[in-house]
Number of protein chains: 2
Amino acid sequence: MTSVTTLFSPVEEDLRVLTDNLKQLVGARHPILFAAAEHLFEAGGKRLRPAIVLLISRATMPNQEITPRHRRLAEITEMIHTASLVHDDVVDEAETRRSIPTVNTSFGNRVAVLAGDFLFAQSSWYLANLDSLEVVKLLSEVIMDLAEGEIRQGLSQFDPDLSIEAYLEKSYYKTASLIANSSKAAGVLSGVSAELADRLYLYGRHLGLAFQIVDDILDFTSSSETLGKPAVADLRQGHLTAPVLYALEEKPHLEVLISRELTEPEDFEKALALIEESRGIERSRELAAHHTELAVQQLVHLPACPHRDALTQLADYVLSRLY
Amino acid sequence: MTSVTTLFSPVEEDLRVLTDNLKQLVGARHPILFAAAEHLFEAGGKRLRPAIVLLISRATMPNQEITPRHRRLAEITEMIHTASLVHDDVVDEAETRRSIPTVNTSFGNRVAVLAGDFLFAQSSWYLANLDSLEVVKLLSEVIMDLAEGEIRQGLSQFDPDLSIEAYLEKSYYKTASLIANSSKAAGVLSGVSAELADRLYLYGRHLGLAFQIVDDILDFTSSSETLGKPAVADLRQGHLTAPVLYALEEKPHLEVLISRELTEPEDFEKALALIEESRGIERSRELAAHHTELAVQQLVHLPACPHRDALTQLADYVLSRLY
């Protein structure tokens, strides 16, 4: 299994610069945020989103150096992602993420709300100063989608009537929108054709959906140590993901358990057993594989280069996390 | 004393449309936010910020109807203001605002963080869709300043070395930046000269500072019923405002009390007495009057019209709240 670090080797130096920049941009002025920034940008994040932006930037600028605007876009992408994580953890009262305490746990809700607001504000400001109205629109759509996704997630807790389509829509808002729109924005900054820009959007959209589906499967199949958060956390909180939704089609009793919000003794264990007996995990894997294929198909429109290869392998990597 | 409703009569109908639009824009899609939106946009707010935007819009479009973009800017201004109030109340753990329970009190921190994020996100999105990079820059600066102001306020709690200049800077970030930049943005949408746009910025800047200074004086001179929040809340929380900072210049013992964060018995009452004995309130009034004068001076560059008159009277109104 390829590691994500190997995959990102064509932009390894870019990612190192990015991490240093992010810590400086966010932490420089405020001691209160400095600690949070160190915490946030050192916390073993895979830098998946900025890596995709940087790989697309390089793949669409084949004979030239990427511009400072491409780098700034990658930074903005990671800032928006981090801001949304910080606020999600407040909203979900999460205690750990990637095995380390969340900002709300370490510094309290006060600092977590402020730090998230500051990151969102700073990303809006850097965005405006990229001087591209089209890029501003793409990324402000993302910020809207992230809020929408978090609200939908709250509204559909323990709702056994949630459809796979509604689940995918929610996953688009929460995960895929940022990857899709920032992938497209990287192309826009390189001056690609409208058609190629749309291909890049679709690459990000399908990759993001696959990534979320895989994450949701891992919530069932991984131990809490691997995941860095309590195992089967989604189901406990009533977030119904692909494995549960497919299992519901086969196991009518699961609906009974979920409708009563798993409140009776043993409900949680019974629900887990029903999901394991079903084809829920298997069908979820097929769904993720379907989206990675759709993602990879878009890449034939890019010139052959190590950066395009890395983008292809990234899709395989997303799936390989399941094995 | 003129009431603010009379003052805003030239844009009364515009404000009615704005309130309806805001409730629809924010509440339409989500029951969870609908309640919060009703709560937020009906809570007896004076609509000061959108009223200024609308008055400037009309004053700078003397022979034409204002455009939908002017109206949208007014809505965005109120959305940003409301979003920042909602998050400030989470951060400050405030229980009431304008005499009614805050969103965090009524609906919990979860909904309050989400509602604020959604409002910020929505305002960024509408902003991008005004299709003016200059306006996007002006208002994204505001969102950044609001976060900066809230952080600075947190950092300077109970700091008796806070200077009047640092207090005014913090007040600019927290209050005046939004009024200044949205005033300028209204002019930009009307296509005014760069010089007039800067005048409008200064009008908003000085009016905003005066408004904040007056608010800070009222925290000392009003009862909790008039204010809709506990009396002398700022001092209790260690937010040192103009009256305290001026009093500190006259009363050395006040510094002792504040440095120990008013923790000994009677410290709070003693501090209040020292402030009352000082010229703190009087000098703060002079400071506010100075800024309203500077605000009004900018308006001579606008054509004479009922909207300009209202903008002038608004400056008087801000001061009149003290009597």
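Quick notes on the rules
- Residues numbered from 1 in each chain as written.
- Chains lettered and ligands numbered in written order.
- Predicted model: local features only at pLDDT ≥ 70, side-chain atom pairs only at ≥ 80, totals over all residues.
- Heavy atoms only, no water.
- Helix = DSSP H or I, 4+ residues; strand = E, 2+ residues; numbered from the N terminus.
- Rg over C-alpha atoms; globule rule 2.2 N^0.38 Å.
- Buried < 20%, exposed > 50% of the residue type's maximum accessible area, 1.4 Å probe, protein only.
- Contact = heavy atoms within 4.5 Å.
- Areas by Shrake-Rupley, 256 points an atom, 1.4 Å probe, with all protein chains shown as cover.
- Lys, Arg positive; Asp, Glu negative; His and termini not counted.
- Charge placed at Lys NZ, Arg CZ, Asp CG, Glu CD.
- Expected span 1.5 Å × (residues − 1).
- Arc of directions from axis to C-beta.
- Least-squares fit on C-alpha atoms with pLDDT ≥ 70 in both.
- Phe/Tyr/Trp six-rings, centres within 6.5 Å; stacked < 30°, edge-to-face > 60°.
- Lys NZ or Arg CZ within 6 Å of the ring centre and 35° of its normal.
- Buried area = accessible area lost by both parts, 1.4 Å probe.
- Salt bridge = Lys/Arg side-chain N within 4 Å of Asp/Glu carboxyl O.
- Polar contact = N/O pair within 3.5 Å; in protein donor to acceptor, adjacent residues only side chain to side chain.
- Core = buried A, V, L, I, M, F, W, Y, C linked by side-chain atoms within 4.5 Å.
- Axes fitted to C-alpha atoms, helices over the stretch in contact; angles between N-to-C directions.
- Left-handed = near helix turned anticlockwise from the far one by under 90°.
- Nonpolar A, V, L, I, M, F, W, Y, C, P; charged D, E, K, R; others polar.
- pLDDT = per-residue confidence, 0-100.

### A short note on the overall build of chain A
- Secondary structure summary: chain A contains 16 helices and two strands in total.
- Against the 2.2 N^0.38 benchmark of 20 Å for 323 residues, chain A shows a C-alpha radius of gyration of 20 Å, consistent with a compact globule.
- Along the longest, intermediate and shortest principal axes, the C-alpha atoms of chain A span 60 × 45 × 35 Å.
- Taking all 323 residues of chain A together, the buried fraction comes to 61%.
- In chain A, the share of contacts with a sequence separation of at least 24, taken over all contacts with a separation of at least 6, comes to 73%.
- Counting every atom, chain A has about 12600 Å² of accessible surface; 49% of that belongs to carbon and sulfur.
- Measuring between centres, the 30 positive side-chain charges of chain A sit 5 Å from its 47 negative side-chain charges.

### Description of helix α15 (residues 280-298) of chain A
Residues and elements named next belong to chain A.
- Over its 19 residues, α15 runs 28 Å from end to end, which matches the ideal 27 Å to within 8%, given 1.5 Å per residue.
- Considered for burial, the residues of α15 that qualify are Gly-280, Ile-281, Ser-284, Leu-287, Ala-288, His-291, Thr-292, Ala-295 and Gln-298. Projected onto a plane normal to the axis of α15, the buried residues spread over an arc of 135° and lie on a single side.

### Observations regarding the relation of the copies chain B and chain A
- Turning chain B through 180° and shifting it by 0.0 Å along the axis lays it on chain A, with an RMSD of 0.0 Å. The two molecules are tied by a two-fold rotation axis, judged by turn and shift. Relative to the rotation axis, the closest C-alpha in chain B is found at B:Leu133, a distance of 3.1 Å.
- Of the residues that chain B buries at the interface, 100% are likewise interface residues in chain A, meaning the two copies contact each other through the same surface.

### Notes on the packing of aromatic side chains
- In total, this model carries four aromatic pairs over all chains according to the counting rule given.
- Centroid distance A:Trp125 to A:Tyr126: 5.3 Å. Interplanar angle 75°. Geometry classified as edge-to-face.
- In this structure A:Trp125 comes out as partly exposed when scored by relative accessible area, which is 24%.
- Note that A:Arg205 overlies the ring of A:Tyr172, its terminal NZ or CZ placed 4.3 Å from the centroid.
- B:Arg72 extends its terminal NZ or CZ atom over the ring of B:Tyr126, reaching a point 4.3 Å from the ring centre.

### Things to note about the interface of chain B and chain A
- Contacts between the two partners involve 36 residues from chain B, matched on the other side by 36 residues from chain A.
- Here chain B and chain A share an interface that buries about 3500 Å² over both sides, 69% of which is from carbon and sulfur atoms.
- The largest contributions to the chain B side of the interface with chain A come from B:Arg110, B:Met144 and B:Ile151, which together make up 18% of the buried area.
- Ionic pairing is found between A:Lys137 and B:Asp131, a salt bridge with its closest N-O pair at 2.7 Å.
- The interface formed by chain B and chain A includes six residue pairs in polar contact (both at pLDDT 80 or more).
- Elements with a minimum of two residues in the side of chain B that touches chain A: α3 (31-41), α5 (68-91), α6 (103-128) and α7 (133-155) of chain B.

### A few points about the side chain of B:His81
Residue and element names in this part refer to chain B.
- Relative to the assigned elements, His-81 resides in helix α5.
- At a separation of 3.3 Å, a polar atom in the side chain of His-81 contacts the side chain of Arg-49.
- The contacts of His-81, once residues within four sequence positions are left out, are Arg-49, Arg-98 and Leu-178.

### Considering the nonpolar core
- Formed by 234 residues in total, the largest nonpolar core has its most connected members in A:Phe8, A:Leu139, A:Leu235, B:Phe8, B:Leu139 and B:Leu235.
- With near-sequence residues (within four places) excluded, A:Phe8 lies in contact with A:Leu15, A:Lys46, A:Arg47, A:Leu48, A:Ala51, A:Leu55 and A:Leu314.

### Brief notes about the pattern of salt bridges
All names here are of chain A.
- In the structure shown here, the tally under the stated rule is 42 salt bridges over all chains.
- A salt bridge links Arg-58 to Glu-65; its shortest N-O distance comes to 3.0 Å.
- For Arg-97, the salt bridge is made with Asp-89, and the minimal N-O distance between the two is 2.8 Å.
- Arg-97 sits in the partly exposed class, given a relative accessible area of 30%.
- Taken together, the shared-partner salt bridges connect Asp-14, Arg-58, Glu-65 and Arg-71 into one network.

### A short note on the environment of A:Gly280
All names here are of chain A.
- You can see Gly-280 is positioned in helix α15.
- A C-alpha to C-alpha distance of 41 Å links Gly-280 and Lys-23, two positions 257 residues apart in sequence.
- When residues no more than four places from it in sequence are discounted, the contact partners of Gly-280 are Pro-243, Tyr-246, Ala-247 and Glu-250.

### Section: the packing of helix α5 (residues 68-91) of chain A against helix α6 (residues 103-128) of chain A
Residue and element names in this part refer to chain A.
- Following both chains from N to C, one finds α5 and α6 inclined at 145°, their axes separated by 8 Å at the closest point. Helix-helix and strand crossings are classified by hand; for α5 and α6 the assignment is left-handed.
- The class makeup of the residues in the contact of α5 with α6 is 13 nonpolar, eight polar and three charged.

### A closer look at unusual backbone geometry
- Although it is not a glycine, A:Asp131 adopts a positive phi angle of roughly 60°.
- Mapped onto the fold, A:Asp131 is located in the loop between α6 and α7 (133-155).
- The class for A:Asp131 is partly exposed, based on a relative accessible area of 42%.
- A positive phi is found at B:Phe158, a non-glycine position, where the angle reads about 55°.
- With respect to the helices and strands, the residue B:Phe158 is situated in the loop between α7 and α8 (164-190).

### So, the side chain of A:Asp145
All names here are of chain A.
- Position of Asp-145 among the secondary structure elements: in helix α7.
- A polar side-chain atom of Asp-145 sits 2.7 Å from a polar atom in the side chain of Ser-177.
- Setting aside chain neighbours within four positions, we find Asp-145 in contact with Tyr-172, Tyr-173 and Ser-177.

### Details of the environment of B:Val318
Residues and elements named next belong to chain B.
- Counting through the fold element by element, Val-318 comes out in helix α16 (residues 306-320).
- Along the chain, Val-318 and Arg-283 lie 35 residues apart, while their C-alpha atoms are 16 Å from each other.
- Setting aside chain neighbours within four positions, we find Val-318 in contact with Leu-207, Ala-210, Phe-211 and Val-214.

### A short note on the confidence of the model for chain A
All names here are of chain A.
- Confidence in the prediction of chain A, expressed as mean pLDDT, is 91, and 93% of residues score 70 or more.
- The weakest mean pLDDT in chain A belongs to helix α10 (residues 224-227) at 60; the strongest belongs to α15 at 98.
- Model confidence for the complex: the whole-complex pTM is 0.90, and ipTM, which rates the interface, is 0.85.

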